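Below are the chains, spelled out letter by letter.
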Amino acid sequence: MRLAVEAYFALLKVLIALLLAGMVVLVFGNVVLRYAFNQGLTASEELSRLFFVWLIFLGAVVALRERGHLGIDTLLRRLPRPAAKACLAVSGALGLLAIWLLLKGSVEQAMINLDVASPAVGFPMALLYGAGIAFAVPAALIILADLARLLLGRAGPEELILVRDSEELAALDAPRAARKG
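Each helix and strand in the protein chain was counted, giving 7 helices and 0 strands. Order of helices (α) and strands (β) in the protein chain, N terminus to C terminus: α-α-α-α-α-α-α. Burial status across the protein chain gives 30% buried among its 181 residues. Intrachain contacts of the protein chain at a sequence separation of at least 6 include 74% that bridge at least 24 residues. Just so you have it, the protein chain exposes about 11800 Å², and 70% of that area is on carbon and sulfur atoms.

Our focus in this paragraph is the nonpolar core. Of all hydrophobic cores here, the largest spans 25 residues; its most connected members are Phe9, Leu12, Trp54, Leu58, Val61, Ile99 and Phe135. Looking at this core, the elements that each hand over two or more residues are α1 (2-37), α2 (42-65) and α5 (126-151). Ranked by the residues each element gives to this core, the list is headed by α5, at 9 residues. Excluding its chain neighbours within four sequence positions, the residues that come into contact with Phe135 are Phe57, Ala60, Val61, Ile99 and Leu102. In this structure, Leu76, Ala84, Leu88 and Leu150 belong to the second largest nonpolar core, which totals 5 residues.

Unfilled space is identified by rolling a water-sized probe across the atoms. Put simply, the largest pocket is a space of about 600 Å³. Elements that contribute at least two residues to the lining of the largest pocket include exactly α1, α2 and α5. In terms of residue class, the lining of the largest pocket is made up of 10 nonpolar, no polar and 7 charged.

Turning our attention to α2. When the terminal C-alpha atoms of α2 are compared, their 36 Å separation across 24 residues agrees well with the 34 Å that a helix rising 1.5 Å per residue should span. Residues of α2 that are buried: Ser44, Glu46, Ser48, Leu50, Trp54, Leu55, Leu58, Ala60, Val61, Val62, Ala63 and Leu64. Residues of α2 that are buried in the fold lie against α1 and α5. Of the residues trailing α2, Arg67 is marked for its positive phi of about 55°.

Within the secondary structure layout, Ser48 lies in helix α2. With a relative accessible area of 10%, Ser48 lands in the buried category. Reaching out from Ser48, the side chain makes a polar contact with the backbone oxygen of Ser44 at a distance of 2.9 Å. Discounting residues that sit within four places of it in the chain, Ser48 has contacts with Met23, Leu26 and Val27.

Our focus in this paragraph is the packing of α1 against α2. One way to put it is that α1 packs onto α2 with a least axis distance of 9 Å and a crossing angle of 150°. Compared by their axis directions, α1 and α2 come out roughly antiparallel. Our pair here, α1 against α2, has a crossing hand that is left-handed. When the residues that make up the contact of α1 with α2 are grouped by side-chain class, the tally is 18 nonpolar, 5 polar and 4 charged.

What counts, and where the lines are drawn
- Residues numbered from 1 in each chain as written.
- Predicted model: local features only at pLDDT ≥ 70, side-chain atom pairs only at ≥ 80, totals over all residues.
- Heavy atoms only, no water.
- Helix = DSSP H or I, 4+ residues; strand = E, 2+ residues; numbered from the N terminus.
- Buried < 20%, exposed > 50% of the residue type's maximum accessible area, 1.4 Å probe, protein only.
- Contact = heavy atoms within 4.5 Å.
- Areas by Shrake-Rupley, 256 points an atom, 1.4 Å probe, with all protein chains shown as cover.
- Core = buried A, V, L, I, M, F, W, Y, C linked by side-chain atoms within 4.5 Å.
- 1 Å grid on protein atoms, 1.4 Å probe; cavity = no way out; pocket = protein on both sides within 12 Å on 5 of 7 lines; lining within 4 Å.
- Points joined across faces, edges and corners; volume = space filled by probe spheres on them.
- Nonpolar A, V, L, I, M, F, W, Y, C, P; charged D, E, K, R; others polar.
- Expected span 1.5 Å × (residues − 1).
- Polar contact = N/O pair within 3.5 Å; in protein donor to acceptor, adjacent residues only side chain to side chain.
- Axes fitted to C-alpha atoms, helices over the stretch in contact; angles between N-to-C directions.
- Parallel < 35°, antiparallel > 145°, perpendicular 65-115°, else oblique.
- Left-handed = near helix turned anticlockwise from the far one by under 90°.

Structure, rendered in structure tokens:
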């Protein structure tokens, strides 16, 4: 199971890189075509927008798993352990509520726009709203797994704090750099 999860996130990172490369090629190519040849690709803007939306939502899933989202954890770190666990549980429940609302809205919009074609390329506009679904499902699973670990006592609040300061990251990287050097 662990191997499948690691493979899924490795695939997401490759897909994110491909989407970013596609955006760069489309936008740069369109700029060159417009300035050098006075014409452009009609599909460039639409495809780069679609790539950008998918890149953001897939990147948010990876950031959630790697605890890379921005946040303030000063209060949480100063609370006693039971209070910190309670705050994390409430935070997880609120996160699940927000994800449920996003999933519900994305599914509704995807269904509404299933037969609506994009103007330049003609792909179904539901593809644009599918990015919300692609985020919501794995994000909910990540938060549910973290909540289960917290409530079953398999993880402490310090392990489940969803943000890390740059100083913390530097402290974590220092032993790795010492081992390599």
